[in-house]
Amino acid sequence: MCEHLNIFGLELPMYGMMILLGIIVSNAVALSLCKKFGRDKLELLTIESYGIIGAFLGSKILFLIISFKDIDWSAAASLKGIISIISNGFVFYGGLVGAILFMMLCGKVHDLDVWGYIRDFIFMIPIMHCFGRIGCFCAGCCYGMPYHGPGHVVFPYGSQAPSGEELFPVQLVEAALVLIIGIVLLVLKIKKDFFYTIETYLLTYSVVRFILEFFRYDAIRGAAFGLSTSQWISIVVFIGTIISIIYRKKKVEQEKDDKED
């Protein structure tokens, strides 16, 4: 594992590099499918740009909320400290909410079929997330619980994770699982023109995240009544998605009945 990538003497953070790589890979796939899906490339990139801005703000804001007491706010007295606070610490669910809100804003501003684009290209989110989790592994953040079985990892000195201790590779497990989710969504869309892509993503990821939170060991995550902040959000997302599916199916059935009458 390597926290920084050295290119011609310039040290680049692996977390940021992996995020960038995830954006590049997911866009390469999405842009190649625009014609097949009957979508405009420029519109897709416009919606995505709004989403990336919203993801950054949302993930940062939620992190600041749940980690408020653990942050050294005295560091904000200097520019370097402010940059450190801004650049470190993000919560995925906050980013997901922020991305959706900003993409909805994009739809209003540019009069675009945002939800149609999201349904077609939702696979981009788990693919980006996969690379992001690999970035977490490289940086040593979001680390797993003590674990001495097969596949355990040991982080070096200077990492954000406890150094010299055998830990569960929760970042890599999540990376693998969200990549599988992304591939399945992509195949369902291409082969079956599957409609419930958003709902499938939310249901599967909320279950994955809820379970994997039990294997996390980093303290700055927020918790209440024995569950982490992300677990509570996962419960809300799962229940909300089920309700949304039921409501939509009833609405479709009602519309069919009205047409028959």
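On a predicted model such as this, the values are computed, not experimentally measured, just so you know. (Residues numbered from 1 in each chain as written. Predicted model: local features only at pLDDT ≥ 70, side-chain atom pairs only at ≥ 80, totals over all residues. Heavy atoms only, no water.)

Chemist: So what's going on with empty space enclosed by the protein? Residues and values would help.
Modeler: Here the structure, examined in full by the defined rule, presents 1 cavity of 30 Å³ or more. The space that makes up the largest cavity amounts to roughly 50 Å³. Lining the largest cavity are Leu96, Ile100, Met103, Ile118, Ile122, Ile125, Ile198, Tyr201 and Leu202. Of all the secondary structure elements, the ones that give two or more residues to the lining of the largest cavity are α4 (92-110) and α8 (197-212). Class assignment for the residues of the lining of the largest cavity results in 9 nonpolar, no polar and no charged. (1 Å grid on protein atoms, 1.4 Å probe; cavity = no way out; pocket = protein on both sides within 12 Å on 5 of 7 lines; lining within 4 Å. Points joined across faces, edges and corners; volume = space filled by probe spheres on them. Helix = DSSP H or I, 4+ residues; strand = E, 2+ residues; numbered from the N terminus. Nonpolar A, V, L, I, M, F, W, Y, C, P; charged D, E, K, R; others polar.)

Chemist: An account of the nonpolar core is requested, with residue identities and associated values reported.
Modeler: Judged by nonpolar contacts, the single largest core of 43 residues is most densely connected at Leu44, Ile47, Phe121, Phe123, Met124 and Tyr201. Residue assignment for this core shows that the elements contributing at least two residues are α1 (14-37), α2 (41-66), α4, α5 (114-121), α6 (124-139), α7 (170-192) and α8. Leave out the neighbours within four places in its chain, and Tyr201 touches Phe92, Leu96, Ile122, Ile125, Pro126, Ile181 and Leu185. Judged by nonpolar contacts, the second largest core, of 6 residues, contains Phe137, Val153, Phe155 and Leu167. (Core = buried A, V, L, I, M, F, W, Y, C linked by side-chain atoms within 4.5 Å. Buried < 20%, exposed > 50% of the residue type's maximum accessible area, 1.4 Å probe, protein only. Contact = heavy atoms within 4.5 Å.)

Chemist: Break down the side chain of Glu174 for me, citing the residues and quoting the values.
Modeler: Topologically, Glu174 is positioned in helix α7. Of the residues examined, Glu174 reaches a relative accessible area of 2% and is grouped as buried. For Glu174, the side chain forms a polar contact with the side chain of His129, separated by 3.5 Å. Once you skip the residues sitting within four places of it in the chain, Glu174 turns out to touch His129, Arg133, Tyr205, Arg209 and Leu212. (Polar contact = N/O pair within 3.5 Å; in protein donor to acceptor, adjacent residues only side chain to side chain.)

Chemist: Which residues make up the pattern of salt bridges, and what values do they have?
Modeler: Inspection of the entire model under this criterion finds 9 salt bridges. Linking Glu213 and Arg209 is a salt bridge whose minimum nitrogen-to-oxygen distance equals 2.8 Å. The exposure classification of Glu213 matches that of Arg209, with both residues buried. (Salt bridge = Lys/Arg side-chain N within 4 Å of Asp/Glu carboxyl O.)

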